[in-house]
Amino acid sequence: MGNFSKNIGLYFGTFNPIHIGHLIIANQMVENSDLDEIWMVVTPHNPFKNKNTLLNNYDRFEMVQLATKNYDKIKASDIEFTLPQPNYTINTLTHISEQYPNYNFNLIMGEDNLKNFHKWKNYQAILDDYQLYVYPRISEGIVANQFIKHAKIHRIEAPIVQISSTMIRNGIKNNKNIRPLVATKVWEYIDKMNFYKK
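Residues numbered from 1 in each chain as written. Predicted model: local features only at pLDDT ≥ 70, side-chain atom pairs only at ≥ 80, totals over all residues. Heavy atoms only, no water.

Taking an unreviewed UniProt entry as the reference, the chain is identified by name as Probable nicotinate-nucleotide adenylyltransferase belonging to Tenacibaculum piscium. Recorded in UniProt for the chain, the comment headed Sequence similarities (unreviewed entry) runs: "Belongs to the NadD family." Recorded in UniProt under Pathway (unreviewed entry), the annotation for the chain is "Cofactor biosynthesis; NAD(+) biosynthesis; deamido-NAD(+) from nicotinate D-ribonucleotide: step 1/1." (UniProt positions renumbered as here; feature names shortened; annotations may be inferred.)

Structure representation (structure tokens):
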């Protein structure tokens, strides 16, 4: 790790909304690895994609802050909001490493993403400079051979959580009670703001 003061995992997502599945994974990763903290990086609205179901950046960031408030090792990050769109992960990694030169950054991803990782823009550059921490997910396809025993790819045991933000949004739209699926403060915020109703 060299002279870095902190070892940080970056967990990217739209978090629309953040739910207990995200928290379970983030907490499991930080408690069972050499990571000191996990930053939940809220992915901004991509102006080239018309997604009416996506809440604005600020509201999703606010919910991540509310959800992670009681976790010392899990933080919300809005670092991508200022980067030009469309953005690639490698740009964010480079930018964040420059902004926090004494932190060591790593990329967190689900196994489903690892299966497509060889299709990512500059994936080789990511592996040259960063470590990957992978949590299990049920998904089709296989992990490419080059990643199976890769020195920079670490698999961390975590519960497989089959909760999705889509499921939560649909539940709210159909007047279902989704309270057990999100942090209390997040549920209160969604309820107060009338999110996902239509």
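J.: Is there a simple way to explain the sheet that holds strand E4 (residues 103–110) in this structure?
T.: Hydrogen bonds along the backbone pair up the strands of a sheet, which may run parallel or antiparallel. Across the sheet, 6 strands lie side by side as E3-E2-E1-E4-E5-E6; this open sheet has parallel pairing. For this open sheet the edge positions go to strand E3 (74–77) and strand E6 (153–155), each flanked by a neighbour on one side alone. This sheet shows a mean twist of 30° between the axes of neighbouring strands, independent of strand direction. Where E4 meets strand E5 (residues 132–135), 4 bridges bridge the pair, whose relative direction is parallel. Among the inter-strand pairings, Leu107 is bridged to a residue of E5, identified as Leu132. (Pairing = 2+ DSSP bridges. Helix = DSSP H or I, 4+ residues; strand = E, 2+ residues; numbered from the N terminus. Axes fitted to C-alpha atoms, helices over the stretch in contact; angles between N-to-C directions.)

J.: In this structure, what is going on with unusual backbone geometry? I would like to understand it.
T.: Note on backbone geometry: most residues besides glycine have negative phi, and most peptide bonds are trans. The step from Asn16 to Pro17 runs through a cis peptide bond, and the omega angle for that step is 0°. Of note, the bond from Gln85 into Pro86 is cis; its omega dihedral lies within 30 degrees of zero at -10°. Of note in this structure, Phe15 is not a glycine but carries a positive phi near 50°. Locating Phe15 in the fold gives a position in the loop between strand E1 (6–13) and helix H1 (20–31). Positive phi values are uncommon outside glycine, yet Asn194 reaches one of about 60°.

J.: Looking at this model, I keep getting lost on the environment of Pro159. Mind explaining?
T.: Assignment of secondary structure puts Pro159 in the loop between E6 and helix H7 (165–173). Residue Pro159 is classed as partly exposed on the basis of its relative accessible area of 37%. (Buried < 20%, exposed > 50% of the residue type's maximum accessible area, 1.4 Å probe, protein only.)

J.: Help me understand the packing of aromatic side chains, please; the structure alone is not making it clear to me.
T.: Given two aromatic rings, one states the distance between the centres and the angle between the planes to describe the pair. Going through the model one piece at a time under the given rule, you end up with 15 aromatic pairs. Judged by centre distance (6.1 Å) and plane angle (75°), the ring pair of Phe61 and Phe81 falls under edge-to-face. Separated by 20 residues along the polypeptide, Phe61 in helix H2 (residues 57–68) and Phe81 in the loop between E3 and helix H3 (89–99) bring together distant segments of the chain. We classify Phe61 as buried; its relative accessible area is 11%. Given the relative accessible area of 26%, Phe81 is considered partly exposed. Plain terms: the ring middles of Phe117 and Trp120 are 5.1 Å apart, the flat faces sit at 65° to each other, and that makes the pair edge-to-face. With a relative accessible area of 0%, Phe117 lands in the buried category. Classification of Trp120 as partly exposed rests on a relative accessible area of 24%. By the ring-pair criterion, three or more aromatic residues cluster together here, those being Trp39, Tyr100, Tyr103 and Phe105. Lying over the aromatic face of Tyr88, Lys121 brings its terminal NZ or CZ to 5.1 Å of the ring centre. Just above the ring of Trp187 sits the side chain of Arg179; from NZ or CZ to the centre is 3.9 Å. (Phe/Tyr/Trp six-rings, centres within 6.5 Å; stacked < 30°, edge-to-face > 60°. Lys NZ or Arg CZ within 6 Å of the ring centre and 35° of its normal.)

J.: I would appreciate a short explanation of H2 in the present structure.
T.: Because an α-helix packs 3.6 residues into every turn, residues spaced three or four apart end up facing the same way. For H2, built from 12 residues, the straight-helix expectation of 16 Å at 1.5 Å per residue is met to within 8% by its first-to-last C-alpha distance of 17 Å. Burial within H2 is extensive, with 9 of its 12 residues counted as buried. By the burial criterion, the buried members of H2 are Asp59, Arg60, Phe61, Glu62, Met63, Val64, Leu66, Ala67 and Thr68. Structurally, H2 contributes buried residues whose contacts are with H1, strand E2 (37–42), E3 and helix H8 (184–193). (Expected span 1.5 Å × (residues − 1). Contact = heavy atoms within 4.5 Å.)

J.: Explain the pattern of salt bridges here, please?
T.: Oppositely charged side chains are able to pair whenever their charged atoms sit close together. For the structure shown, the criterion picks out 5 salt bridges. One salt bridge in this structure joins Glu31 and Lys73, with 3.1 Å as the shortest N-O distance. Here the residue Glu31 occupies a position in helix H1, and Lys73 occupies one in the loop between H2 and E3, the gap between them amounting to 42 residues. Relative accessible area serves as the criterion here: at 44%, Glu31 is assigned to the partly exposed category. According to the relative accessible area criterion, Lys73 is partly exposed, its value standing at 33%. Ionic pairing is found between Arg155 and Glu111, a salt bridge with its closest N-O pair at 2.9 Å. (Salt bridge = Lys/Arg side-chain N within 4 Å of Asp/Glu carboxyl O.)

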